[in-house]
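Topology and contacts: notes
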Amino acid sequence: MNMEAVMNKKINTERVSQSRLSTVDFDNIAFGKIFADHMLVADYKDGAWGEPKIVPYGEISFAPAMSALHYGQSIFEGLKAYKNQQGEPVLFRPRENWMRMNQSAARMCMPDVPEEIFMDGLAELVRLDQNWISQKDGHSLYVRPFMFATDEFVGIRPSESYRFVIFSCPVGAYYSEPVGLLVTAKYVRAIDGGTGEAKAAGNYGGSLLGAKEAKDRGYHNVLWLDGRERKYAEECGTMNIFFVIDGVAITPRLDGTILHGTTRQALIELLHDMNVEVQERRITIEEIFDAHASGRLQEVFGAGTAATVAPVGRIGHDGSVPELEGRPEIVLPPVENFKIASELLQRLSDIRVGRALDIHGWVMPL
């Protein structure tokens, strides 16, 4: 997309009469609970998208018969805005989020969001609310584009109308401590032919019970296994996952059931820059526990937009996986010993805020 077009595009905007920014305590921000002043809205009907507009953040009215509520046509994205060393707002790899959103839309039988609506709207919205971007260490502006079906019709068919919205919220760290994961064969996140690689709302709704039971056992979330054999590691909670075994970074391959994480792909490229061998392949949960038992499992970390790089402190199981019967919980070394994860996080952070040269062209200035 032409960068000048993104920089110069103007969208019909209704500004708030008074910003809520002064009411925010940036030293005590709960993730995803405080929202910036404005949001972008665009509607699709009669086979075409209308002009987007920016309006004050607020409630959306809808009919009880709205299709999304009954049949789950709802998808979303997540990305972050930062400020560089000069205090200017920047976005990290937004075009990849636009492309992934349209991949999700295709799987959920929804229309593509045009590049100019997504990219121009995103750029204008973040420029408008750039004062909400905190430059405190580990802080950013989390941006949430989403689309949902709006037909007022109780019948099972793709909706003929949709709404696309982008809003944002200032955030700090997603996890404040190393992540604890529970392995279970009781539930699965996705299966071949399903919607696992789409960022569909229903995927996350279906994961909540497993996550709740993991938290009830003292863990943060689930280390999901494949849906067919229930022995291959796939994702952890809402993140992709990496295992460092004998100095090699192993991450489950993308085979239709795993989300194509933008952070995952960035970390793979950074690992190549660091001359660390990367293997994208299937890995059994038994191999992971065996590597730990033999002292070869050096690091485990999640990768996602919200958490960025999240070190894993321990991995337990609930007794439902036969291969793990009688196996003790994995306890990883202290986070300060995670050399690869720490360097990845530092490199990524430095690129995002302009402390390091962006040789990959990931940062989009606004």
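Residues numbered from 1 in each chain as written. Predicted model: local features only at pLDDT ≥ 70, side-chain atom pairs only at ≥ 80, totals over all residues. Heavy atoms only, no water.

Section: the overall build of the protein
Rules: Helix numbers and strand numbers start at the N terminus; a helix is a DSSP run of H or I with at least 4 residues, a strand a run of E with at least 2. Here the globule rule reads 2.2 Å times residues to the power 0.38, and the radius of gyration is calculated from C-alpha atoms. For each residue, the accessible area found with a 1.4 Å probe, counting protein chains only, is set against the maximum for its type, and the residue is called buried under 20%, exposed over 50%, and partly exposed in between. The contact rule is simple, with two residues in contact once any of their heavy atoms fall within 4.5 Å. The Shrake-Rupley method, run with a 1.4 Å probe sphere, supplies the accessible areas, and residue values consider only the shown protein chains as cover. Counting rule applied: Lys, Arg positive; Asp, Glu negative; His and chain ends not counted. One atom stands in for each charge, and that atom is NZ of Lys, CZ of Arg, CG of Asp or CD of Glu.
In terms of helices and strands, the protein carries nine helices and 19 strands. Relative to the 2.2 N^0.38 estimate, which gives 21 Å for 366 residues, the radius of gyration of the protein is 21 Å and therefore close to what a compact globule would have. Seen along its three principal axes, the alpha-carbon backbone of the protein occupies a region of about 60 × 55 × 35 Å. In the protein, buried positions account for 53% of the 366 residues. Taking as baseline every contact in the protein between residues at least 6 positions apart, the subset at least 24 positions apart corresponds to 73%. Of the roughly 16,600 Å² of accessible surface on the protein, a fraction of 48% belongs to carbon and sulfur atoms. Side-chain charges of the protein comprise 38 positive and 49 negative groups, with the mean position of each set lying 2 Å from the other.

Comments concerning the environment of A30
Structurally, A30 is set in the loop between β1 (12–13) and β2 (38–45). A relative accessible area of 35% places A30 in the partly exposed class.

Side note on the nonpolar core
Keep this limit in mind: Each nonpolar core is a collection of buried residues, namely Ala, Val, Leu, Ile, Met, Phe, Trp, Tyr and Cys, held together in the definition by side-chain atoms within 4.5 Å.
One finds L223, F243, L267, L271, I285, L297 and F301 to be the most contacted residues of the largest nonpolar core, which totals 55 residues. Apart from residues lying up to four places away in sequence, I285 is in contact with V183, L223, L225, K231, V321 and L324. Counting residues in hydrophobic clusters, the runner-up holds 53 residues, among them A42, W98, V113 and L259.

Considering the pairing of strand β14 (residues 248–251)
Just so we agree on the cut-off: Here a strand pair is declared whenever DSSP counts at least two bridges between the two strands. Handedness of a crossover is defined as follows: with both strands directed away from the viewer, a clockwise route from the first strand across the helix to the second makes it right-handed.
Neither face of β14 is open: one carries V248 and I250, the other A249 and T251, and all of them are buried. Here strand β13 (residues 240–245) pairs with β14 via three bridges, running antiparallel. Within the sheet, the bridge partner assigned to F243 lies in β14 and is I250. Sheet analysis places β14 next to strand β15 (residues 278–280), joined by three bridges and oriented parallel. Within β15, the position partnered with A249 by the bridge is V278. What joins β14 to β15 is helix α7 (residues 262–273), and the crossover it makes is right-handed.

Digging into helix α6 (residues 208–216)
Every α-helix winds through 3.6 residues per turn, so residues three or four apart in the chain are directed the same way. Which entries qualify depends on this criterion: Arc, as used here, means the arc of the directions from the helix axis to the C-beta atoms.
Buried residues of α6: G210, A211 and A214, and no others. Angular distribution of buried residues about the axis of α6 spans 100 degrees; they occupy a single face of the element. For α6, the exposed residues lying more than 90 degrees away from the buried face are L208, K215 and D216. Tucked into the core, α6 has its buried residues touching β10 (179–183) and β11 (221–225). Within two residues after α6, G218 carries a phi angle of roughly 95 degrees, on the positive side.

Quick notes on the side chain of R189
For the record, the criterion: N or O atoms closer than or at 3.5 Å make up a polar contact, with two conditions inside protein: a donor-capable atom paired with an acceptor-capable one, and, for residues adjacent in sequence, both atoms drawn from side chains.
Take R189: it is sitting in the loop between β10 and α5 (201–205). Separated by 2.9 Å, the side chain of R189 and the backbone oxygen of G196 make a polar contact. For R189, the residues in contact, after removing those within four places along its chain, are G196, N203, W224, E235, T257, I258 and L259.

Considering α7
As a reminder, the rule being used: One less than the residue count of a helix, multiplied by 1.5 Å, gives the span that helix is expected to have.
Look at α7: 17 Å from first C-alpha to last across twelve residues, which is about the 16 Å you get at 1.5 Å a residue. Inspection of α7 places T262, T263, R264, A266, L267, I268, L270 and L271 among the buried residues, and these make up the whole buried set. Of the residues trailing α7, N275 is marked for its positive phi of about 60 degrees.

Some details on a nonpolar patch on the surface
Quick note on the threshold: The patches reported here contain residues having more than 30% relative accessible area and no salt bridge. Joining distances are 9 Å for like charges and 5 Å for nonpolar side chains (Val, Leu, Ile, Met, Phe, Trp, Tyr). Throughout this description, the term salt bridge denotes a Lys or Arg side-chain nitrogen within 4 Å of a carboxyl oxygen of Asp or Glu.
Side chains of Y71, V154 and I156 sit close together on the surface and give an oily, nonpolar patch of about 340 Å² of accessible area. Counting through the fold element by element, V154 comes out in the loop between β8 (140–149) and β9 (162–171).

Here's the deal with the confidence of the model for the protein
The following threshold applies: pLDDT measures how confident the predictor is about each residue, on a scale from 0 to 100.
Considering every residue of the protein, the mean pLDDT works out to 95; 98% of them sit at 70 or more. Counting interchain partners and residues more than four positions distant, the pLDDT-below-50 stretch residues 1–7 has 16 contacts.

A look at the side chain of S104
As for its placement among the helices and strands, S104 is situated in helix α3 (residues 94–107). Take S104: its relative accessible area is 1%, and that puts it in the buried class. Ignoring any residue separated from it by four or fewer positions in sequence, one finds S104 in contact with I75, A198 and K199.

A few points about unusual backbone geometry
Glycine aside, a negative phi is what most residues show, and trans is what most peptide bonds show. Look at N275: it is not a glycine, yet its phi comes out positive at around 60 degrees. Along the chain, N275 turns up in the loop between α7 and β15. With a phi close to 65 degrees, T308 is a non-glycine residue in the positive phi region. Within the element layout of this structure, T308 appears in strand β17 (residues 308–317). Residue class for T308 comes out buried when judged on its relative accessible area of 7%.

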